[in-house]
Amino acid sequence: MLFLVKGRLRHEALWRAWFERAAGLLPTRAVASALCTGSDNLPSVLAACAAAVAGPPIQDPAAAAAAAVAAAAEAGGQRNASAAAAATAAGAAAAAAAAQQQTKRRDLSGSANWAHWLSDHLGAPAKERGPPPPSVLDGQHLFDIYVHPHPNFTGYPPGALLHGRELADSERVATAWGTHTLVEAAEALLTAALRNPRNQKFLMLSESDLPLYSPHATYVQLMSEHRSRVNACNTTQGWNLDFYRWVDRMGNGRYLHKHQWRKSSQWFVLTRRHAELILADWRIERVFRKHCKTTFEADRNSERVCYSDEHYFPTLLATHGLDNETDCQGRLMDVDWGRVHSTSPHPWEYKAGEVRDQLFEGLRRTWREGCSHAASALEAAPAAFMPQAQLFEAAVQAAAGAVEGSVAEAQRAGRGICHEMLLRQQQAPAYPALGPQCPLLARKFQEHTIRPALMALAPCDSSALILNDGTCPGEGELQRYWRQQWWCAAPWVLLCSCVLTVALAVHAHVPLHVLARALVQASRRRRSCGCSGAAGVSTPLLDV
């Protein structure tokens, strides 16, 4: 996830809750493929887990995780992707073991915990306090976060969600709206994210965006898509409406031609292959840097607008003939252009009064083809994951019984773990993938919308299912069913109650039988006057 921001994250509390739902989760299918595909990998992973738990006290969790990764990688030989994934799983397990050991040691020293609490609440100097608690992003195995703030931004304070995720000062670009600097900032984020070989999808978003789906559904959806969410196609309606931004000197018949000119959204999802292709290019980008700008051009005697962040990425893919490797939609982000002037450069900004859970449900555009089953996708996605603690516990138990035995015993114990994961996959409901025309995020939300957004998404019974699973703590399936039925019937019950209240209030002053007699007399008088129906209109005035 690539955050291109101006400064502070507007909805930090909501994003924190969103990442907390994904903390410690592992995709079951990927773990099973990594551990159970190669017969040589699992015993080494179990041995690494056993060594992490049964070994001497671990002082440095990061060093322990690195040692476990190295041991598993050496045993597996890194011959294929499964070995690399197995090494990663071993490192995660070792890190969890180290964290558990350190937590136990902290819990045993009650006086130290009490002193730490006092120092936090009585204003002790910062230098006398212990290290800050680990960030929720440190427990992420599904998402890797990179942030590009403006060079003038001093950085996020300790304890902030994005603290420590900022690019180095030497990698930042002084961005300006509508210029090629936005492309350069995106490339800086891609450069940093490509250093991690595990990153496969690259999602661009800003500080004013909010998710429309839970982290489970977002991850499963993006990993199930084989194309970039970019519109680099010339088959979609209106693909050539922005040819007025093209000038012939951009091509000169060498690297770029007019029929390759494309336009897509600045907010994209790229596959790793496309991200590497973008960073390897210099010819097309040099043309854009020189000619794609908003300025008055004397040879045309008019002002020309051109925005590189909307044209460069799709045009580059089109020049390489990769149109069919994009989704031809580019609809990662939902934006509302219907409530702003046609010449406005920015979409509608949602205000606090309109932020409801129904708003997020509507922004999913369920009326579009392929988006109508959004609720089913949200309910099925969590079954595709397993907690890291569950895998770690099973691996430690199996390794503890086989650490002094033979390799065959370790393999037998490992097959039991693999069998459980396979059974988990078979029992999980199938995820109904959404279409590429379904947005996964929405923008722009004003800064003071954080409170109504949390009030709409944080409750356990929120119908949006972004920060919850629709079930309240201690609630059974039957209770959940009747609660949902009540919320559906509540508006009608409220309406009937209001009508009954008004009727009783009127009855207190005018008896109902008197009111009914007056209504009947008025109806008869209306019919006698010919005031109802088309026939009454033609009644002669003298007959009244």
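Given the structure is predicted, the values throughout are model-derived calculations rather than measurements.

Chemist: Help me understand a nonpolar patch on the surface in this model?
Modeler: A cluster of nonpolar side chains, namely Leu478, Tyr481 and Trp482, defines an oily patch on the protein surface of about 380 Å² accessible area. With respect to the helices, strands and loops of the structure, Trp482 is situated in helix 17 (residues 477-509).

Chemist: It is not clear to me how the packing of helix 7 (residues 181-194) against helix 11 (residues 308-319) should be interpreted in this structure. Could you clarify?
Modeler: Two quantities define a packed helix pair, namely the angle between the helix axes and the distance between the axes. Relative to each other, helix 7 and helix 11 sit at 55 degrees, their axes nearing to 8 Å. With respect to each other, helix 7 and helix 11 are oriented oblique. Crossing angle aside, the handedness with which helix 7 passes helix 11 is right-handed. Here Leu182, Val183, Ala186 and Glu187 of helix 7 come into contact with helix 11, specifically with Ser308, Asp309, Tyr312 and Phe313. Here the contact of helix 7 with helix 11 is composed, by residue class, of five nonpolar, one polar and two charged.

Chemist: What am I meant to see in the pattern of salt bridges here?
Modeler: Two side chains that carry opposite charge are able to pair once their charged atoms sit near each other. In the structure shown here, the tally under the stated rule is 18 salt bridges. Note that Arg289 is salt-bridged to Glu285, the shortest N-O span being 3.1 Å. Taken together, the positions of Arg289 and Glu285, both in helix 10 (residues 283-291) and four residues apart, correspond to about one turn of that helix. Assessed through its relative accessible area of 40%, Arg289 is described here as partly exposed. Looking at Glu285, the relative accessible area reads 7%, which means it is buried.

Chemist: What am I meant to see in the sheet that holds strand 6 (residues 269-271) here?
Modeler: Whether parallel or antiparallel, the strands of a sheet pair through hydrogen bonds between backbone atoms. Taken in spatial order, the four strands line up as 3-1-4-6 in an open sheet, and their pairing is mixed. At either end of the open sheet lies a strand with only one pairing partner, and these are strand 3 (146-148) and strand 6. Neighbour to neighbour, the strand axes of the sheet diverge by 20 degrees on average, direction disregarded. Alignment of strand 4 (residues 201-205) against strand 6, held across three bridges, turns out to be antiparallel. When the bridges of strand 6 are listed, Leu203 appears paired with Val269.

Chemist: What exactly am I supposed to notice about the side chain of Thr218 here?
Modeler: Inspection of the secondary structure assignment puts Thr218 in helix 8 (residues 215-224). For Thr218, the side chain forms a polar contact with the main-chain oxygen of Ser214, separated by 2.9 Å. Among all residues touching Thr218, those that are not within four sequence positions of it are Trp18 and Tyr213.

Chemist: Please clarify how the nonpolar core should be interpreted in this entry.
Modeler: The nonpolar side chains of a soluble globular protein tend to be buried, and buried together. Grouped together as the largest cluster of nonpolar side chains are 97 residues, with contacts concentrated most on Met1, Trp15, Phe19, Phe143, Ile145, Phe360 and Phe445. Here this core gets ten residues from one element, more than from any other, and that element is helix 7. The contact partners of Met1, leaving out residues within four places of it in the chain, are Trp15, Trp18, Phe19, Phe143, Asp144, Ile145, Tyr146, Leu203 and Leu205. Ranked by size, the runner-up nonpolar core spans eleven residues in total, among them Val31, Leu35, Leu391 and Ala394.

Chemist: Any chance you could explain the state of the cysteines here in plain terms?
Modeler: Formally, a disulfide is one covalent bond, and it connects the sulfur atom of one cysteine to the sulfur atom of another. Within the structure shown, the criterion is met by four disulfides. One disulfide bridge connects Cys371 with Cys438, the sulfur atoms lying 2.0 Å from each other. Measuring handedness by torsion sign, the sulfur bridge of Cys371 and Cys438 sits at about -105 degrees and is left-handed. One end of the pair, Cys371, is in the loop between helix 12 (357-363) and helix 13 (374-380); the other, Cys438, is in the loop between helix 15 (407-427) and strand 11 (441-442), and 67 residues separate them in sequence. Look at Cys371 and you get buried, because its relative accessible area is 0%. The class for Cys438 is buried, based on a relative accessible area of 0%. Disulfide pairing places Cys460 opposite Cys472 at an S-S distance of 2.1 Å.

Chemist: Could you clarify how one ought to interpret the sheet that holds strand 5 (residues 210-211) in this entry?
Modeler: Taken in spatial order, the three strands line up as 5-11-9 in an open sheet, and their pairing is mixed. The open sheet has two edge strands with one neighbour each: strand 5 and strand 9 (333-334). Note that strand 9 and strand 11 share two bridges and pair parallel. For Met333, the partnering residue across the bridge sits in strand 11 and is Leu441.

What counts, and where the lines are drawn
Residues numbered from 1 in each chain as written. Predicted model: local features only at pLDDT ≥ 70, side-chain atom pairs only at ≥ 80, totals over all residues. Heavy atoms only, no water. Patch = residues over 30% accessible without salt bridge, like charges linked within 9 Å, V, L, I, M, F, W, Y side chains within 5 Å. Areas by Shrake-Rupley, 256 points an atom, 1.4 Å probe, with all protein chains shown as cover. Salt bridge = Lys/Arg side-chain N within 4 Å of Asp/Glu carboxyl O. Helix = DSSP H or I, 4+ residues; strand = E, 2+ residues; numbered from the N terminus. Axes fitted to C-alpha atoms, helices over the stretch in contact; angles between N-to-C directions. Parallel < 35°, antiparallel > 145°, perpendicular 65-115°, else oblique. Left-handed = near helix turned anticlockwise from the far one by under 90°. Contact = heavy atoms within 4.5 Å. Nonpolar A, V, L, I, M, F, W, Y, C, P; charged D, E, K, R; others polar. Buried < 20%, exposed > 50% of the residue type's maximum accessible area, 1.4 Å probe, protein only. Pairing = 2+ DSSP bridges. Polar contact = N/O pair within 3.5 Å; in protein donor to acceptor, adjacent residues only side chain to side chain. Core = buried A, V, L, I, M, F, W, Y, C linked by side-chain atoms within 4.5 Å. Disulfide = S-S within 2.5 Å.

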